[in-house]
Amino acid sequence: MAGFFTLVPGDGPRRWRLAIDPWLTVGPPETSFMFGGVGLGATVEAAERTTGRAVVWASAQYLAYAPRGTEVEFHVVPMVEGHYTSQAQVMAEGRDGQVLRAGLSLGARPDAPRVQFVKPARVPRPEDCPRMPLRWGYAPDDMYSRLDVRIAKGWDAAVEEAGHLVFWIRPAGAAADAAIDRPMLAIMADFVPASIGNALSDGTADFGANSLDNGIRFLQIVPTGWVQCEIRVHGAADGFGHGEMLLFAEDGTLMATASQSVILRGLMHPRDPRGR
């Protein structure tokens, strides 16, 4: 299956380039920028293609925006190469300097146990759920034109239930055949900031939230058409918010866990009641 984006070899060893095409961006058309999950997803793919091993854990720190129409180069620096485990760093640079930096662990140990202690939420099937409403000002060819997001629980929750959100997500439109792999799960995991903003808002507008970091841990990756994402917003204080996500396949397999911290912005953005 195709990927959601295309990495090509960069200028030198262990370097990979990514063109920031419209569907990899979010924000108003005149100032749209690379979706943070795309940066983490590209980091995961660059490290896997460099080392030949699967990512177990990755954590990115976001430093700057990469505008639509520019290019980002990912430089993978192997740190440790063991019998079964590798550790690496990745630095990503854009037109105006460093965009993100990340640490990763990669590998697999043979004959290790596989066990799962958490179960997915019991919610309606995606076809029975409404689409996630979007803010005004998003470009018609941006990230949301290639993702189908269905709210199953919690978007317009009462105050006592705010902060617990469940939604279904899958690639859609021109990206409908994109593989749901580790890079794709990293993109999906970057919906924690929107959920934090939503939990703090009044149901008619979104509180602004920009990612400081994005961490993801992978378990089993299995074939699935939809991914169920369950988000718990932990809280907010001093201008920052924190939350986590569980990502399940349709058959209930836990594929990944993720967590993020965000900077909270005082700007209120009206939601588009039409959705998309």
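This text goes with the structure placed above it.
Residues numbered from 1 in each chain as written. Predicted model: local features only at pLDDT ≥ 70, side-chain atom pairs only at ≥ 80, totals over all residues. Heavy atoms only, no water.

J.: Looking at this structure, how should I read helix α3 (residues 192-199)?
T.: When you tally the buried positions in α3, you get 6 out of 8 residues, the bulk of the element. Of the positions making up α3, those classed as buried are Val192, Pro193, Ser195, Ile196, Gly197 and Asn198. (Buried < 20%, exposed > 50% of the residue type's maximum accessible area, 1.4 Å probe, protein only. Helix = DSSP H or I, 4+ residues; strand = E, 2+ residues; numbered from the N terminus.)

J.: It is not clear to me how a nonpolar patch on the surface should be interpreted in this structure. Could you clarify?
T.: Taken together, the side chains of Val115, Phe117 and Val118 make up a nonpolar region of the molecular surface, amounting to roughly 330 Å² of accessible area. Tracing the backbone shows Val115 in the loop between β8 (97-107) and β9 (134-135). Judged by its relative accessible area of 52%, Val115 is exposed. (Patch = residues over 30% accessible without salt bridge, like charges linked within 9 Å, V, L, I, M, F, W, Y side chains within 5 Å. Areas by Shrake-Rupley, 256 points an atom, 1.4 Å probe, with all protein chains shown as cover. Salt bridge = Lys/Arg side-chain N within 4 Å of Asp/Glu carboxyl O.)

J.: Which parts of the structure should I look at to understand the pattern of salt bridges?
T.: Opposite charge on two side chains permits pairing when their charged atoms draw close. One pass over the structure, following the stated rule, counts 14 salt bridges. A salt bridge links Asp11 to Arg17, with the nearest nitrogen and oxygen atoms 3.7 Å apart. The partner of Arg53 in a salt bridge is Glu81, and the shortest N-O contact between them spans 3.8 Å. Pair noted here: Arg53 is in the loop between α1 (36-51) and β5 (55-62) and Glu81 is in strand β6 (residues 71-81), with a separation of 28 residues, a long-range link. Because the salt bridges share partners, they merge into one network encompassing Arg131, Asp148, Arg150 and Arg170.

J.: How should the environment of Trp23 be read in this particular structure?
T.: Considering the arrangement of structural elements, one finds Trp23 in the loop between β2 (15-19) and β3 (25-26). Judged by its relative accessible area of 21%, Trp23 is partly exposed. Separated by 150 residues in sequence, Trp23 and Gly173 place their C-alpha atoms 11 Å apart. Setting aside its immediate chain neighbours within four residues, Trp23 contacts Phe4, Asp141, Asp142, Met143 and Arg146. (Contact = heavy atoms within 4.5 Å.)

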